[in-house]
Amino acid sequence: VDAVLKEHLERVTGVDWAPNSNRIVTCAGDRNAYVWNFQPETGEWQPCLVLLRINRAATYVRWSPQEDRFAVGSGARLLSVCYFDPENNWWVSKHIKKPIRSTILCVDWHPSNYLLAVGSCDFKCRVFSAALKELSDKPETSAWMPRLSKFGTLLAEFSTTSGWVHGVKFSPSGNKLAWVSHDSSVNVVDMNSQDKILTLLTSFLPYTCVLWLSEASFAAAGHDNCPDLYNVSSDEVVYGARLDIKKEKTTDSNMSAMARFQKLDDLGATETGTKLYTTHVNCITEMRVVATTGDKIKKFSTAGKDGKLVIWEVDALCSKIAGLKI
């Protein structure tokens, strides 16, 4: 263990690292968030206070692409967008409240740095303007923001059939938005045709996170303990493949009669229970980019409730799985 960041009083619910500025932001059930700055002189991480001004637990946190602000979701039915105040040497927040009606479960930033996608427990995925006049933002118009909009303006709202929105992600170009919900559905919308939502109701257990691997494909993972690939066209979302190749199941077909009785005598049964043949043995809760080439991801990581952190190489997956296209 290189360092332990001790400041929160309740369970930590979100962590994000800004690689360029080398800062870490954390949030927790104690309704607080801290920005941790590394001090080369002492080799320690120094916490900086964040004024969230919320009365419920913080649930999710993400740095913006330019790392000059971050967003914190919470159970207070609002989103806190935080920026640094150099005069007081702390981070202050501005709130986006309406029309959020339930706990925020996931947040993602648009590559432009001025738009936010938010998923919540009210079965909605929304896109807001996050341009701050305090930072002299000058966002460009797009199909997401046809005209310049002030902070907190609702730009788009999409509904799921009957499930909490667990994960949301903009594509590398920012033109598409994907989200997954508790009804085991995957959903994609293009900014140029926002009235046409591409939805696929899967037969798998619900997904909790989603990650674009290219402009035309994304991976989703969750309670099935492994990432699945989906391909996106202009008309539909198509299931591609399961990216976790199952391990070979060992059998007792060659076991002698004496060995079978010995096993039964030692264990009281011929089988010890259910075995999982996936790399993760519990729900996957997070997917992150590790390495990219242009707009394509070469490596990504998954983390789960089993305590494992797994790095997946996309080229290696393509070579092992026949017909896989990313």
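Just above, that's the structure.
Residues numbered from 1 in each chain as written. Predicted model: local features only at pLDDT ≥ 70, side-chain atom pairs only at ≥ 80, totals over all residues. Heavy atoms only, no water.

Before going further, it helps to examine the overall build of the protein chain. What the protein chain contains, in helices and strands, is two helices and 23 strands. The C-alpha radius of gyration computed for the protein chain amounts to 22 Å, which stays within 12% of the reference 20 Å derived for 326 residues, consistent with globular compactness. Overall size of the protein chain, expressed as C-alpha extent along the three principal axes, is 80 × 55 × 35 Å. With 326 residues in all, the protein chain has 46% of them scored as buried. For the protein chain, the proportion of contacts with a sequence separation of at least 24, taken over those separated by at least 6, is 47%. As presented, the protein chain carries roughly 16,800 Å² of accessible surface, and 50% of it is formed by carbon and sulfur atoms. Taking the 37 positively charged and 36 negatively charged side chains of the protein chain as two groups, their mean positions are separated by 5 Å. (Helix = DSSP H or I, 4+ residues; strand = E, 2+ residues; numbered from the N terminus. Rg over C-alpha atoms; globule rule 2.2 N^0.38 Å. Buried < 20%, exposed > 50% of the residue type's maximum accessible area, 1.4 Å probe, protein only. Contact = heavy atoms within 4.5 Å. Areas by Shrake-Rupley, 256 points an atom, 1.4 Å probe, with all protein chains shown as cover. Lys, Arg positive; Asp, Glu negative; His and termini not counted. Charge placed at Lys NZ, Arg CZ, Asp CG, Glu CD.)

Read across the sheet, four strands follow the order 13-14-15-16 without closing on themselves; strand pairing throughout is antiparallel. Edge positions in the open sheet fall to strand 13 (165-170) and strand 16 (193-201), since each of these has one partner strand only. Recorded for the sheet is a direction-independent mean angle of 20° between the axes of neighbouring strands. Strand direction decides the pairing type here: strand 15 (residues 185-190) and strand 16, joined by six bridges, are antiparallel. Paired with V188 across the strands is L198, a residue of strand 16. (Pairing = 2+ DSSP bridges. Axes fitted to C-alpha atoms, helices over the stretch in contact; angles between N-to-C directions.)

Further remarks concern the side chain of S64. Structurally, the position occupied by S64 is in the loop between strand 5 (58-63) and strand 6 (69-74). The buried category is assigned to S64, whose relative accessible area is 2%.

The next point concerns the sheet that holds strand 22 (residues 296-304). The strand order 21-22-23 describes an open sheet built from three strands, whose pairing is antiparallel. The open sheet is flanked by strand 21 (284-293) and strand 23 (309-313), the only strands paired with a single partner. For this sheet the average axis-to-axis angle between neighbouring strands, irrespective of direction, equals 20°. In terms of strand pairing, strand 21 meets strand 22 through eight bridges, oriented antiparallel. Across the sheet, residue M287 finds its bridge partner in strand 22, namely T302.

To continue, consider the pattern of salt bridges. Counted according to the given criterion, the structure contains 15 salt bridges. Note that R242 is salt-bridged to D228, the shortest N-O span being 2.8 Å. In this pair, R242 sits in strand 20 (residues 237-242) while D228 sits in strand 19 (residues 228-232), placing the two residues 14 residues apart along the sequence. The salt bridge involving D315 is made with K298; its shortest N-O contact spans 3.6 Å. Here D315 is found in helix 2 (residues 314-320), whereas its partner K298 is found in strand 22, with 17 residues between them in sequence. (Salt bridge = Lys/Arg side-chain N within 4 Å of Asp/Glu carboxyl O.)

Moving on: the environment of R62. Mapping R62 onto the fold places it in strand 5. R62 sits 11 residues away from G73 along the chain, and the two C-alpha atoms are 9.0 Å apart. With near-sequence residues (within four places) excluded, R62 lies in contact with V15, D16, F70, A71, V107, W109, E286 and R288.

The subject of this paragraph is the packing of aromatic side chains. Applying the stated criterion across every chain yields a total of 15 aromatic pairs. Considering the side-chain rings of F204 and Y239, the 5.3 Å spacing of their centres and the 50° angle between planes classify their relative orientation as tilted. Here F204 is found in the loop between strand 16 and strand 17 (207-214), whereas its partner Y239 is found in strand 20, with 35 residues between them in sequence. Classification of F204 by relative accessible area gives partly exposed; the value is 21%. (Phe/Tyr/Trp six-rings, centres within 6.5 Å; stacked < 30°, edge-to-face > 60°.)

Glancing now at the nonpolar core. Among the nonpolar cores identified, the biggest contains 34 residues, and L79, W144 and L177 are the most heavily contacted of them. Every residue in contact with L177, bar those within four places of it in the chain, is listed here: A117, C125, V127, W144, F158, V168, K169, F170, N187, V188, V189 and W212. (Core = buried A, V, L, I, M, F, W, Y, C linked by side-chain atoms within 4.5 Å.)

Our focus in this paragraph is unusual backbone geometry. The step from K98 to P99 runs through a cis peptide bond, and the omega angle for that step is 0°. As for its position among the elements, P99 is in the loop between strand 8 (90-96) and strand 9 (104-109). The backbone phi angle of R53 is positive, close to 60°, even though this residue is not glycine. The class for R53 is exposed, based on a relative accessible area of 55%.

Right, let's get into the environment of L229. Position of L229 relative to the elements: it lies in strand 19. The sequence separation of L229 and L213 amounts to 16 residues, and the corresponding C-alpha distance is 9.0 Å.

This part takes up the environment of D16. Mapped onto the fold, D16 is located in strand 1 (residues 12-18). Each C-alpha atom, one on D16 and one on W63, is 6.7 Å from the other, the two residues being 47 residues apart in sequence. Setting aside residues no more than four positions away along its own chain, D16 makes contact with R23, I24, V25, V61, R62, W63 and R288. Within the structure, the side chain of D16 is placed 2.7 Å from the backbone nitrogen of W63, a separation counted as a polar contact. (Polar contact = N/O pair within 3.5 Å; in protein donor to acceptor, adjacent residues only side chain to side chain.)

Further remarks concern the side chain of H8. Mapped onto the elements of the fold, H8 is located in the segment before strand 1. Overall, the relative accessible area of 16% leaves H8 in the buried class. Engagement of the side chain of H8 in a polar contact is seen with the side chain of T26, the distance being 2.8 Å. In this structure the side chain of H8 is engaged in a polar contact, spanning 3.2 Å, whose partner is the side chain of D30. Discounting residues that sit within four places of it in the chain, H8 has contacts with T26, C27, A28, D30, N32, A33 and Y34.

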